[in-house]
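# Structural description and commentary
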Amino acid sequence: MGFEKVTFTNSQGKQLAARLELPNNQAAHSYAIFAHCFTCNKNFSAVRNISRALVNKGIAVLRFDFTGLGESEGDFEETNFSSNVTDLIDAANFLEANYKAPSLLVGHSLGGAAVIFAASELESVLAVATVGAPSSPAHVQHLFKSNVAEINATGKAKVNIGGRDFTIKKDFIDDIESKPMQNVLKNMRKPFLVIHSPQDTVVGIQNAQELYHYAHHPKSFISIDKADHLLTNNEDSTYVGNVIAGWAARYLDIPKRQELKTAHQVAVSIGNEGFTSEIVSGKHLLIADEPVSFGGNDFGPSPYEYVSSGLGACTAMTLRMYATRKKWDLQKVIVHVDHGKEHAPDSENTSAVKKIDTFKRKIELFGNLDDTQRKRLLEIADKCPVHKTLESEAVIVTELV
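Now for a description of the structure that goes with this document. Bear in mind that the values here come from a model prediction, so they are computed numbers and not experimental data.

### Digging into the overall build of the protein chain
Looking only at helices and strands, the protein chain has 11 helices and 15 strands in total. Relative to the compact-globule value of 21 Å for 401 residues, the protein chain shows a C-alpha radius of gyration of 28 Å, a clear excess of over 25%. Summarising its shape, the C-alpha atoms of the protein chain cover approximately 90 × 50 × 45 Å along the three principal directions. For the protein chain, the residues scored as buried account for 44% of the 401 residues in total. Pairs at least 24 apart in sequence give 61% of the contacts found in the protein chain among residues at least 6 apart. About 22100 Å² of surface is accessible on the protein chain, with carbon and sulfur atoms providing 49% of the total. Within the protein chain, the 47 negative side-chain charges are centred at a point lying 6 Å from the centre of the 42 positive side-chain charges.

Take a look at the structure:
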């Protein structure tokens, strides 16, 4: 999985820190934004795991720190729920201007409430998923209910949330109390997924029931039994990410891949952009590319790396076959291969410099083998078919069809 550390400017002129995670074996077909929970940040473990699961399905994910949190600029006490929604819209505008407009919004806890409000204002968003989200932004007041009287009396109070002190102003309370979730959901009219745990003691399961009731179809509900609110179990958050990716695939604009067929042993297809190539070999689909330093996307091995892979695989198989026939205790083989161009032995001291392809192979043998057996296996390595092909003179016949 690749990533880029990025920043964008919100509507208040503050620089917000973000991380854009990208698939490592293909171009992203869709972009998503993840909104973290109240007072959390973009690096929260559940956020990372859910994002990675989405990225593995070809969805690029932007996760960022809301104003005043994590690495983002600004003062948290000057923010409120409405400013969080605005930050989300600013994040969407950043993606649209620099990459591609987001088509999926995912939010955890209060971030889930925020993505519902933001989705209502973003035409590019095709689907919305929430995890442990409240049915009203005002639900967050339970985190500092003992301080509400002080906040109302003095205009603000310092509260402790998750072991950290935050200043909450009366403006924050007034703002969350003024947000009509029911009306927003009824008007959103976008595919909606509610994910919630029946054992969530922070945001009770009745919130999921209300969200589902408010929304129009198509809407879905998934229960993550035995999970806690923060999804501290990595298996829970990874499962959630996989569920969201599978559900969203029905609604996202994912280009259909044209099936490459051939009656030959191998077929390779490349488009008119970059070096990324699709390889079909029998029933197997592979990707070849060049490194970024060479102008590629690094979505797959380079052509020469495939040649080296063929030599390594053939060597390992040949040793396996020989040891099995001899009934030797060869438990495992690892073959390391490096390819490069080196001076031919007879050209190092001449003015006409000649270089030849050189494959350097190192073999690790595991098992109860004596020195004689190990020496014999080293000799057998040179007899693998691909080794012989690379050392012989090959003929390539080419024609247009």
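### Overview of the nonpolar core
Membership of the largest hydrophobic core comes to 57 residues, with the highest contact counts inside it found for Phe 64, Leu 88, Ile 116, Leu 185 and Phe 192. With residues up to four places along the chain from it excluded, the contact list for Ile 116 reads Val 128, Thr 130, Met 181, Val 184, Leu 185, Met 188, Phe 192 and Leu 211. Among the nonpolar cores identified, the runner-up in size contains 26 residues, and Phe 34, Val 55, Leu 104 and Leu 231 belong to it.

### So, the environment of Asn 41
Checked against the element boundaries, Asn 41 lands in the loop between strand 3 (30-35) and helix 1 (45-55). Each C-alpha atom of the pair Asn 41 and Lys 219 lies 28 Å from the other, and the pair is 178 residues apart in sequence. Beyond its immediate sequence surroundings of up to four residues, Asn 41 is in contact with His 36, Val 47, Asp 65 and Gly 70.

### Some thoughts on the sheet that holds strand 3
In space, the eight strands of this open sheet follow the order 1-2-4-3-5-6-9-10, with mixed pairing throughout. The outermost strands of the open sheet, each flanked by one partner alone, are strand 1 (2-9) and strand 10 (219-223). Here the strands of the sheet are splayed against their neighbours by 20° on average, with no regard to which way each runs. Bridging between strand 9 (residues 192-196) and strand 10 involves five bridges; their strand directions are parallel. Looking across to strand 10, one finds that Phe 192 is bridged to Lys 219.

About the thresholds
Residues numbered from 1 in each chain as written. Predicted model: local features only at pLDDT ≥ 70, side-chain atom pairs only at ≥ 80, totals over all residues. Heavy atoms only, no water. Helix = DSSP H or I, 4+ residues; strand = E, 2+ residues; numbered from the N terminus. Rg over C-alpha atoms; globule rule 2.2 N^0.38 Å. Buried < 20%, exposed > 50% of the residue type's maximum accessible area, 1.4 Å probe, protein only. Contact = heavy atoms within 4.5 Å. Areas by Shrake-Rupley, 256 points an atom, 1.4 Å probe, with all protein chains shown as cover. Lys, Arg positive; Asp, Glu negative; His and termini not counted. Charge placed at Lys NZ, Arg CZ, Asp CG, Glu CD. Core = buried A, V, L, I, M, F, W, Y, C linked by side-chain atoms within 4.5 Å. Pairing = 2+ DSSP bridges. Axes fitted to C-alpha atoms, helices over the stretch in contact; angles between N-to-C directions.

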